[in-house]
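# Architecture at a glance
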Amino acid sequence: RQALLNKAALQPQYKLPRSASMSVVLCDDPHIRALNLQHRDKDCPTDVLSFEMEDELDYKVHLPMKLLGDVVISLDTAKRQAKDRGYSLLDEVRVLLVHGVLHLCGYDHEKGGAELEVMAAQEQ
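Residues numbered from 1 in each chain as written. Predicted model: local features only at pLDDT ≥ 70, side-chain atom pairs only at ≥ 80, totals over all residues. Heavy atoms only, no water.

## Things to note about the confidence of the model for the chain
- Across the chain, the average pLDDT comes to 84, with 81% of residues at 70 or higher.
- Confidence, read as mean pLDDT per element, is least for helix H5 (residues 113–123) in the chain (60) and greatest for helix H3 (residues 75–85) (98). (pLDDT = per-residue confidence, 0-100. Helix = DSSP H or I, 4+ residues; strand = E, 2+ residues; numbered from the N terminus.)

Structure follows, in structure tokens:
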């Protein structure tokens, strides 16, 4: 919810929905690699991908229910990262889920600056 409140604060024209939903897909490296290639032209697995469901109505009316989009997490990659970082798999998946949700709310760490800092803080 906080991420959507932040989005509304940064984009005054954004109409905050009354409630929101999203899908979460837990998959393996071959599946996320195919998605990464198809949508980002990167032929390698990644840890998490987000697919936002942008809708022009988001900026016109307060929707009773907003479908944020899809978060796809590779458990293969999450398992490797958890081991490297000294986390449990569950904790790593939680971090990746928060990361994916922030992307669904419009944040983009690849832009750097303030958005990178906000995402890093939210993931803690």
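Anyway, onward from the coordinates.
## Comments concerning helix H2 (residues 29–40)
- Over its 12 residues, H2 extends 15 Å from the first C-alpha to the last, a length consistent with the 16 Å expected when each residue adds 1.5 Å.
- Within H2 the residues assigned to the buried category are Asp 29, Ile 32, Leu 35 and Asn 36. Considered in projection along H2, the buried side chains sweep an arc of 130° and stay on one side of the axis. Exposed residues on H2 whose side chains face more than 90 degrees from its buried face are Pro 30 and Gln 38.
- Among the structural elements, strand S1 (20–27), strand S2 (48–52), strand S3 (66–74) and H3 are those in contact with the buried residues of H2.
- Between the side-chain oxygen at the start of H2 and the backbone nitrogen of His 31 there is a gap of 3.1 Å, and the oxygen is on Asp 28. (Expected span 1.5 Å × (residues − 1). Buried < 20%, exposed > 50% of the residue type's maximum accessible area, 1.4 Å probe, protein only. Arc of directions from axis to C-beta. Contact = heavy atoms within 4.5 Å. Polar contact = N/O pair within 3.5 Å; in protein donor to acceptor, adjacent residues only side chain to side chain.)

## Here we look at the pattern of salt bridges
- Scanning the model with the defined rule gives four salt bridges in all.
- Note that Asp 29 is salt-bridged to Arg 80, the shortest N-O span being 2.9 Å. Of this pair, Asp 29 sits in helix H2 while Arg 80 sits in helix H3; the two residues are 51 residues apart in sequence, bridging distant segments of the chain.
- The class for Asp 29 is buried, based on a relative accessible area of 11%.
- Residue classification places Arg 80 among the partly exposed positions, given a relative accessible area of 44%.
- The partner of Asp 43 in a salt bridge is Arg 33, with the nearest N and O atoms 2.9 Å apart. Here the residue Asp 43 occupies a position in the loop between H2 and S2, and Arg 33 occupies one in helix H2, the gap between them amounting to 10 residues.
- On the basis of relative accessibility, which here comes to 48%, the residue Asp 43 falls in the partly exposed class.
- Under the relative-accessibility criterion, Arg 33 is labelled partly exposed at 38%. (Salt bridge = Lys/Arg side-chain N within 4 Å of Asp/Glu carboxyl O.)

## Observations concerning the side chain of Asp 47
- The residue Asp 47 is located in the loop between H2 and S2 in this model.
- Summary of buried charges: Asp 47 has no salt-bridge partner, and the nearest side chain of opposite charge, Arg 85, is 5.3 Å away.
- At a separation of 3.3 Å, a polar atom in the side chain of Asp 47 contacts the side chain of Gln 81.
- For Asp 47, the contacting residues outside a window of four places in its chain are Ile 32, Val 72, Ile 73, Ser 74, Thr 77, Gln 81 and Leu 96. (Lys, Arg positive; Asp, Glu negative; His and termini not counted.)

## Some points on the packing of H3 against helix H4 (residues 89–104)
- The contact between H3 and H4 brings their axes to 8 Å, and the two run at 115°. Relative to H4, the element H3 lies roughly perpendicular. Here the hand of the crossing between H3 and H4 comes out right-handed. Listed contacts from H4 to Leu 75, Ala 78, Lys 79, Gln 81, Ala 82 and Arg 85 of H3 are Leu 89, Glu 92, Val 93 and Leu 96.
- In terms of residue class, the contact of H3 with H4 is made up of six nonpolar, one polar and three charged. (Axes fitted to C-alpha atoms, helices over the stretch in contact; angles between N-to-C directions. Parallel < 35°, antiparallel > 145°, perpendicular 65-115°, else oblique. Left-handed = near helix turned anticlockwise from the far one by under 90°. Nonpolar A, V, L, I, M, F, W, Y, C, P; charged D, E, K, R; others polar.)

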